[in-house]
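# An overview of the molecular structure
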2 protein chains.
Amino acid sequence: MAERVTAGQGGESLLFLTDEQLRKGIEAMFFAYRGFTADPDRILAKHGYGRAHHRAVHFVNRSPGTTVNNLLDILGVTKQSLNRVLRTLIADGLIESRVGTRDKRERHLYLTEAGVELEQALSEAQRRRMRQAFRDAGPEAVAGFKQVLEAMMDPEPRRQFNRMKDGS
Amino acid sequence: MAERVTAGQGGESLLFLTDEQLRKGIEAMFFAYRGFTADPDRILAKHGYGRAHHRAVHFVNRSPGTTVNNLLDILGVTKQSLNRVLRTLIADGLIESRVGTRDKRERHLYLTEAGVELEQALSEAQRRRMRQAFRDAGPEAVAGFKQVLEAMMDPEPRRQFNRMKDGS
DNA sequence: ACATTAAGTCAGCCTTGTTGACTTTCCAAG
DNA sequence: CTTGGAAAGTCAACAAGGCTGACTTAATGT
């Protein structure tokens, strides 16, 4: 089996990574991400929602009272795209939008009771899979998993990721 | 900091995983996957293609001569969805579709020279990021990363993933 | 007073999923 | 041998959810 190795740019490292090893990593991400989203997707479909709604609900739950602009930064989508999703969630009574007290231009977003309920259902499904995977793989593997994922992020999302470690 | 822990279904395990730990895993997947797809997305955009084209090119390169049906199984999308992408790739001369010799209903798919070129550009971008992440995290972390991802897949994709380890 | 900012809206586009209906080809049972 | 179903692929039409651009409204800060 011919193992062609592409040149590593910059200072040659200590680790020898074949293209084949890297490709397996790439495919692992592809298949794992599909599994990762499969359970919530089923729940969302019942409600007539998509992944966009899930992301919105997740991060509003994560940072209650967050503003629209804040959410835009986190999700990395356009205002118009988020707005469509947000509008339906507000209309359906899952998210509440309160005018800011200090700055009345801002809208602060909160999950309603129904919103919390959906978020619970979605995240519990996802946690279940994550928990199972973590248990199957063991604590050392979990540490490695997190390390690699963090190293794979772009700098700005990584900052957000770490900032969110300790609450809003 | 209140750490609520949801009940682990089934036999209580040795690992205590808080909801907070699991949620960090979930967010890590979200942000990392975005980084993972960012580089190829930029290249694809220049050619007027999307992720669907990338996936098709990737797996045709991976298993030259594969049939449409085969690809369907791997990608987990509908025939019609794949077909649209495939049609443009064939029209643009990146993929060649040969009628099967044994079974003339089947179409066997191959990358043309131009197809190989695009695949190289895409996968090299992705490999670069993966390589960097792997190096930053170290070999032990990489092993853990793979273990957890594999554990996160649904059984059928996992089978495909492992089957592809040693070539088509 | 005026420029800037946050939020929201409308119109229109693209990609990529979906379902349903269809053709061509193959194979197996009568 | 023929014929009827199954399998592979194709075409048409629709929906979700991205995107850009132009614009309004309201509040803020200079």
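This report concerns the structure included in the present document. Note that the coordinates shown come from a computational prediction; the quantities given were computed from them, not determined experimentally.

At the junction of the two partners, chain B supplies 68 residues and chain A supplies 68 residues. Of the roughly 6,900 Å² buried where chain B meets chain A, counting both sides, 66% is carbon and sulfur surface. Counting every contact that joins chain B to chain A gives eight salt bridges. Residues Asp-19 of chain A and Arg-127 of chain B are paired through a salt bridge, measuring 3.6 Å at the closest nitrogen-oxygen approach. At the surface where chain B touches chain A, the tally comes to 18 residue pairs in polar contact (both at pLDDT 80 or more).

On to the pattern of salt bridges. Per the stated rule, a full pass over the model turns up 29 salt bridges over all chains. Taking the shortest distance from any N to any O, the salt bridge between Glu-124 of chain A and Arg-131 of chain A comes out at 3.8 Å.

Let us look at the sheet that holds strand S3 (residues 107-111) of chain A. Hydrogen bonding along the main chain pairs the strands of a sheet, whether they run parallel or antiparallel. Residue and element names in this part refer to chain A. Overall, antiparallel pairing links the three strands, which are arranged S1-S3-S2 in an open sheet. Sheet topology places strand S1 (66-67) and strand S2 (95-99) at the edges, where each strand pairs with a single neighbour. In this sheet, S3 lies alongside S2 in antiparallel orientation, the contact comprising five bridges. The residue bridging Arg-98 from the neighbouring strand is His-108, located in S3.

For the pair chain B and chain A, the relating rotation is 180°, the translation along its axis is 0.1 Å, and the fit reaches an RMSD of 0.2 Å. Expressed as a symmetry operation, the mapping of one chain copy onto the other fits a two-fold axis. The C-alpha atom lying nearest the rotation axis in chain B is that of Phe-145 of chain B; the distance is 1.8 Å.

By nearness alone, 24 residues border DNA strand D, and Arg-55 and Thr-78 of chain A together with Asn-69, Lys-79 and Asn-83 of chain B come closest of all. Near the protein, within 4 Å, the atoms of DNA strand D are sugar or phosphate in 57% of cases. Between Val-68 of chain B and DNA strand D, the recorded distance is 3.4 Å, taken from a backbone N or O atom to a phosphate oxygen. Taking Asn-69 of chain B, its side chain carries an N or O atom lying 2.4 Å from a phosphate oxygen of DNA strand D. Elements that contribute at least two residues to the surface near DNA strand D include exactly helix H2 (51-62) and helix H4 (79-91) of chain A together with helix H3 (68-75) and helix H4 (79-91) of chain B. In terms of residue class, the surface near DNA strand D is built from three nonpolar, nine polar and twelve charged.

Thresholds, definitions, all that
- Residues numbered from 1 in each chain as written.
- Chains lettered and ligands numbered in written order.
- Predicted model: local features only at pLDDT ≥ 70, side-chain atom pairs only at ≥ 80, totals over all residues.
- Heavy atoms only, no water.
- Contact = heavy atoms within 4.5 Å.
- Buried area = accessible area lost by both parts, 1.4 Å probe.
- Salt bridge = Lys/Arg side-chain N within 4 Å of Asp/Glu carboxyl O.
- Polar contact = N/O pair within 3.5 Å; in protein donor to acceptor, adjacent residues only side chain to side chain.
- Pairing = 2+ DSSP bridges.
- Helix = DSSP H or I, 4+ residues; strand = E, 2+ residues; numbered from the N terminus.
- Least-squares fit on C-alpha atoms with pLDDT ≥ 70 in both.
- Near = heavy atom within 4 Å.
- Nonpolar A, V, L, I, M, F, W, Y, C, P; charged D, E, K, R; others polar.

Geometry only, nothing functional implied.
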